[in-house]
Amino acid sequence: MADKLLIVMVNTDPANPSELGAPFFQATVAAAMEYEVEVILTARAGELAKKGVAENLYVQEGSGKSVYEFIKDAVEAGAVFKVCTPTLDLWGDDLIPEIEETVGGAYVISEAMDDDTVTFTY
């Protein structure tokens, strides 16, 4: 059985925040279950790595919990957040402190192809 969950957020649009809850919640749960969890933010979803973006998004209107708080919950549970290099060209390099590393496409492919990894994409 795999011991790592790789969540690649590439198609999730921050303009539709209702899409953002599930991936971060699943990252939190998997990390709490003691799986190794990595979340890669890239392309359109990479904007969430930019300071000031996730802090001002809410999965549900009227919620008191921002998307950024979902990210912090996942990190607190043990998930690791990374951003893909091309994302920096799109959204800049003023990143939230929860981003541990910048990685390239070869890293994402290598991790996704590993037999010990299950990959979810959003």
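Named according to an unreviewed UniProt entry, the protein chain is Peroxiredoxin originating from Acidihalobacter ferrooxydans.

A. Structural view of the nonpolar core. Grouped together as the largest cluster of nonpolar side chains are 28 residues, with contacts concentrated most on Met9, Phe24, Val39, Leu48 and Phe81. Listed by contribution, the elements that provide at least two residues to this core are β1 (4–9), α1 (21–32), β2 (36–41), α2 (67–77) and β3 (80–84). Looking at this core element by element, the count peaks at 5 residues for α2. Valine 39 has contacts with Ile7, Met9, Phe24, Ala27, Val80, Phe81 and Lys82, leaving out every residue within four places of it along the chain. One finds Leu6, Ile40, Val103 and Val108 within the second-largest nonpolar core, a separate group that totals 6 residues.

B. Local environment of the pairing of strand β4 (residues 99–103). Note: β3 against β4, 4 bridges, orientation parallel. If you follow lysine 82 over to β4, its bridge partner there is glutamate 101. A crossover links β3 with its parallel partner β4, the connecting element being helix α3 (residues 85–91), and its sense is right-handed.

C. Region of interest: the packing of aromatic side chains. As enumerated under the stated definition, the model contains 1 aromatic pair in all. The interplanar angle of 35° and the centroid separation of 5.8 Å between the aromatic rings of phenylalanine 24 and phenylalanine 81 together place this pair among those described as tilted. Taken together, the residues phenylalanine 24 in helix α1 and phenylalanine 81 in strand β3 connect sequence positions 57 residues apart. You can call phenylalanine 24 buried: its relative accessible area is 1%.

D. Structural view of a negative patch on the surface. Judged by side-chain charge, Asp3, Asp114, Asp115 and Asp116 come together as a negatively charged surface patch. Examined against the element boundaries, aspartate 114 turns out to sit in the loop between α4 (105–113) and β5 (117–121). Taking the relative accessible area as the measure of exposure, aspartate 114 reaches 34% and is therefore partly exposed.

E. Expanded view of the environment of asparagine 56. Structurally, the position occupied by asparagine 56 is in the loop between β2 and α2. Classification of asparagine 56 as exposed rests on a relative accessible area of 56%. It is 7.9 Å that separates the C-alpha atoms of asparagine 56 and tyrosine 68, two residues lying 12 residues apart in sequence. From its side chain, asparagine 56 meets the backbone oxygen of glycine 52 in a polar contact 2.6 Å long.

F. How the structure looks around unusual backbone geometry. Its identity as a non-glycine residue notwithstanding, glutamate 34 has a phi of 70°, on the positive side. Relative to the helices and strands, glutamate 34 resides in the loop between α1 and β2. Phi at alanine 43 takes a positive value of approximately 55°, unusual for a residue other than glycine. Mapping alanine 43 onto the fold places it in the loop between β2 and α2.

Criteria and cut-off values
- Residues numbered from 1 in each chain as written.
- Predicted model: local features only at pLDDT ≥ 70, side-chain atom pairs only at ≥ 80, totals over all residues.
- Heavy atoms only, no water.
- Core = buried A, V, L, I, M, F, W, Y, C linked by side-chain atoms within 4.5 Å.
- Buried < 20%, exposed > 50% of the residue type's maximum accessible area, 1.4 Å probe, protein only.
- Helix = DSSP H or I, 4+ residues; strand = E, 2+ residues; numbered from the N terminus.
- Contact = heavy atoms within 4.5 Å.
- Pairing = 2+ DSSP bridges.
- Right-handed = clockwise from strand over helix to strand, strands pointing away.
- Phe/Tyr/Trp six-rings, centres within 6.5 Å; stacked < 30°, edge-to-face > 60°.
- Patch = residues over 30% accessible without salt bridge, like charges linked within 9 Å, V, L, I, M, F, W, Y side chains within 5 Å.
- Areas by Shrake-Rupley, 256 points an atom, 1.4 Å probe, with all protein chains shown as cover.
- Salt bridge = Lys/Arg side-chain N within 4 Å of Asp/Glu carboxyl O.
- Lys, Arg positive; Asp, Glu negative; His and termini not counted.
- Charge placed at Lys NZ, Arg CZ, Asp CG, Glu CD.
- Polar contact = N/O pair within 3.5 Å; in protein donor to acceptor, adjacent residues only side chain to side chain.

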